[in-house]
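# Structure at a glance
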Amino acid sequence: MTIYPVILAGGSGTRLWPLSREYYPKQFLPLISESSSMLQETLARLELIEEATSPILVCSELHRFIIADQLREVGVEATSIIVEPAGRNTAPALTLGALRAQDTVEDGSDPILLVTHSDHLITEPQRFLDAFRVGLALASEGDVVTFGVPPTGPETGYGYIEKGATLPSVDGGAYAIHSFVEKPDLSAAREYCESGRYLWNSGIFMMRASMWLRQLEEHRPDITAAVREAYSRGKDFFEFFRPEEQAFLNCPSESIDYAVMEGAGSAAAEDDGSTGFAVVPIDVGWSDIGSWSTLREQRQQDTQGNVIQGDVYTDSTKNSLVIGQHRLVAAIGLEDVVVIETADAVLVAHKDRVQDIKEIVEQLRKDGRPEADVHRKVHRPWGSFDILDGGEGFQVKRLTISPGAAVSFQYHNHRAEHWIVVRGTAKVTKGDEVFILNENESISIPQGMKHRLENPGDIPLEVIEAQMGDYLGEDDIIRLEDNYNRETSTEENCE
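Below or above, wherever it landed, is the structure these notes cover. (Residues numbered from 1 in each chain as written. Predicted model: local features only at pLDDT ≥ 70, side-chain atom pairs only at ≥ 80, totals over all residues. Heavy atoms only, no water.)

### Brief notes about the overall build of the protein chain
When you go through the protein chain residue by residue, the secondary structure sums to 11 helices and 30 strands. Here the protein chain has a C-alpha radius of gyration of 25 Å; the compact-globule value for 495 residues is 23 Å, and the two agree. Across the 495 residues that make up the protein chain, the buried fraction comes to 53%. When the accessible surface of the protein chain is split by element, carbon and sulfur atoms take 45% of a total near 21700 Å². Positive and negative side-chain charges of the protein chain, numbering 44 and 80 respectively, have mean locations separated by a distance of 3 Å. (Helix = DSSP H or I, 4+ residues; strand = E, 2+ residues; numbered from the N terminus. Rg over C-alpha atoms; globule rule 2.2 N^0.38 Å. Buried < 20%, exposed > 50% of the residue type's maximum accessible area, 1.4 Å probe, protein only. Areas by Shrake-Rupley, 256 points an atom, 1.4 Å probe, with all protein chains shown as cover. Lys, Arg positive; Asp, Glu negative; His and termini not counted. Charge placed at Lys NZ, Arg CZ, Asp CG, Glu CD.)

Printed below as a string of C-alpha cells:
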C-alpha cells in the first residue's frame, strides 16, 4: 500500500499581516516553534507515518524557491513540487496531486492520498497517528475520509461537519457524513456545539487517488477536464513540475468542500450515510492559526496572560500579544491588544478585531503600498535582499547570497550599482572580466554593463548594494542567463 502525503502549500498571507504577507505567508514562519516553520512542522509530523512516501507539495510560483529551501533545511526530498501558474483553490490543487501520485507510484497500484494544509498546528501527533490508522482502514476500502475536530466553542470561522450513523467497520470512532455546513453565524455555531452532532472541518482528507478523480468527474467534470489537460501538457523543470499555464488558467476555482464534499453530504443525508463518505474525529490540539488571537491562545502565556516575543518591555499590560522583530517595543497599560512590529510596518489592534486586518491590507493594495504583499526583506532563489534605505535617485540594499548561488547574468538600462563586500568572498563578472572580491573590497557596475554576482565560498556572502539612476524598479533587469529557470515577469524579474 502506497501513501502519498499531499501538502497544499498555497496562501495569501493576509490574516497574520504584517508578519505574514502574500510573498511570504504564514506557512513559512516559525509561529509556534522558535526554529521550525509551520511547513517544516507539517513535514516532521508526516515523517512519523512509516508507510508514507516523500510528500507531493502544491504551491504557487511566488513560493516555490522558499519551499525548496525549507525542505532542504530539514533534509526532506519531495516526490514532487507542483507549481500552479495561478491559484485555483484546493480542488484543482488536490487533482494535480492525485495525477502526480498516479504517475509516480512505483508498483502501479492505486495510491492513497493524505491531504493536509502546510500551515495547521497539531500539538498531539501521536493521537493524530491513531486517527490516521482509522482513516487508512476506511480509505483502503474506497471511502473518502475527512477528519473533524470536536469544537471547543462556537467558532464562526470554521466550517462544520454533521455526523451521521456510527460506522461499525473500523475499530475506532468514525461516522458517516450527514452534511457539511459552511461557516455559520454565532447563533447557529452555539446550536451546533450544544447538539454534540457537529465537528469542525479540519481540511484534512484521505482517499485513493482514483476515488478523488472519480468523485470530481461526477460532481465537477469541468474542473477534471481542465486540470487533466494542464497536467498532460505540463513540464518538469529542475526540482519542480509546472502544469501548462493557459489550460490551468481555464480551470474554475473551487474548494474541495464545494466541489465534492458538500454534494456527498447531501446524498448521505438522503441515504442515511451509506455513500462511502466518512468523518473521523481528531482531538489532537488542531488549529489553523487563523488569527493573531488564535496564535496567542496557542502560545505559552505569562502570569498576566501575555505572549511576548522579541525586545519587548511591558507594564500593567494584560491578555495581550506583543511581538517585536527589529526595535524595542514598550507597552504600558494595555489589555486585550495585539501589537506586531516588523521592519516596515506596525500593527496595533484589539484582539477581538483582528479578523478585520484584511480590510487594512486591501486598502494598502488599493493605494499601491508594497507593504501589503512584500516584506522589506525579500527572498530569492539565490538568497535574499533587504532594502535598507532609498530616496530620489538612489536605493541601498543588503544582499545575502547563499553558498554556491549566483544572481542572474544581467544588465540594467536605467541604473548603475556599487557593491561592497562585508562578509565572505564574491566572484564578480563585469563585462568580459572576472574579479574576486574579499571583505572590505568594492566594485562599480556602470549602467548598461553586463554583470553577475556569485558566492563561490561555503559561508553566506553579504554585500551592500548602492543603486543610482533615474529609475530603480525591479523590472529594469534584462536577464541573459539564469540558474533557476526564472521567466520574465514582475515577480521573477528581481535580481
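There is more to say, and it comes next.
### Re the packing of helix H6 (residues 209–219) against helix H7 (residues 221–232)
Interaxial distance between H6 and H7 falls to 5 Å at its minimum, and their mutual angle equals 125 degrees. Taken together, the axes of H6 and H7 are oblique relative to one another. On H7, the residues touching Leu213, Leu216, Glu217, Glu218 and His219 of H6 are Pro221, Ile223, Thr224 and Arg228. Here the contact of H6 with H7 is built from residues that sort into 4 nonpolar, 2 polar and 3 charged. (Axes fitted to C-alpha atoms, helices over the stretch in contact; angles between N-to-C directions. Parallel < 35°, antiparallel > 145°, perpendicular 65-115°, else oblique. Contact = heavy atoms within 4.5 Å. Nonpolar A, V, L, I, M, F, W, Y, C, P; charged D, E, K, R; others polar.)

### Points about the sheet that holds strand E18 (residues 337–341)
Read across the sheet, 4 strands follow the order E14-E16-E18-E19 without closing on themselves; strand pairing throughout is mixed. Two strands in the sheet have a free side with no partner beyond their single neighbour: strand E14 (307–309) and strand E19 (346–350). Averaged over all adjacent pairs, the angle separating strand axes in this sheet is 5 degrees, with direction ignored. As paired elements, E14 and strand E16 (residues 321–324) share 3 bridges and run parallel to each other. Residue pairing across strands places Gln309 opposite Ile323, the latter belonging to E16. (Pairing = 2+ DSSP bridges.)

### Some words on the side chain of Thr224
The residue Thr224 is located in helix H7 in this model. A relative accessible area of 1% places Thr224 in the buried class. Here the side chain of Thr224 touches Glu217 through a polar contact of 3.4 Å, landing on its backbone nitrogen. Filtering out sequence-adjacent residues up to four positions away, Thr224 remains in contact with Leu216 and Glu217. (Polar contact = N/O pair within 3.5 Å; in protein donor to acceptor, adjacent residues only side chain to side chain.)

### Observations concerning the pattern of salt bridges
For the coordinates displayed, the defined rule picks out 27 salt bridges. A salt bridge links Arg15 to Asp288, with the nearest nitrogen and oxygen atoms 3.7 Å apart. Pair noted here: Arg15 is in the loop between strand E1 (3–8) and helix H1 (38–46) and Asp288 is in the loop between strand E13 (286–287) and helix H10 (292–298), with a separation of 273 residues, a long-range link. Close ionic contact of Arg127 with Asp283 constitutes a salt bridge, the shortest N to O distance being 4.0 Å. Pair noted here: Arg127 is in helix H4 (residues 125–140) and Asp283 is in the loop between strand E12 (277–281) and E13, with a separation of 156 residues, a long-range link. With a relative accessible area of 45%, Arg127 lands in the partly exposed category. Judged by relative accessible area, Asp283 falls into the exposed class, the value being 52%. Salt bridges sharing partners connect three or more residues here, namely Glu22, Arg365 and Asp373. (Salt bridge = Lys/Arg side-chain N within 4 Å of Asp/Glu carboxyl O.)

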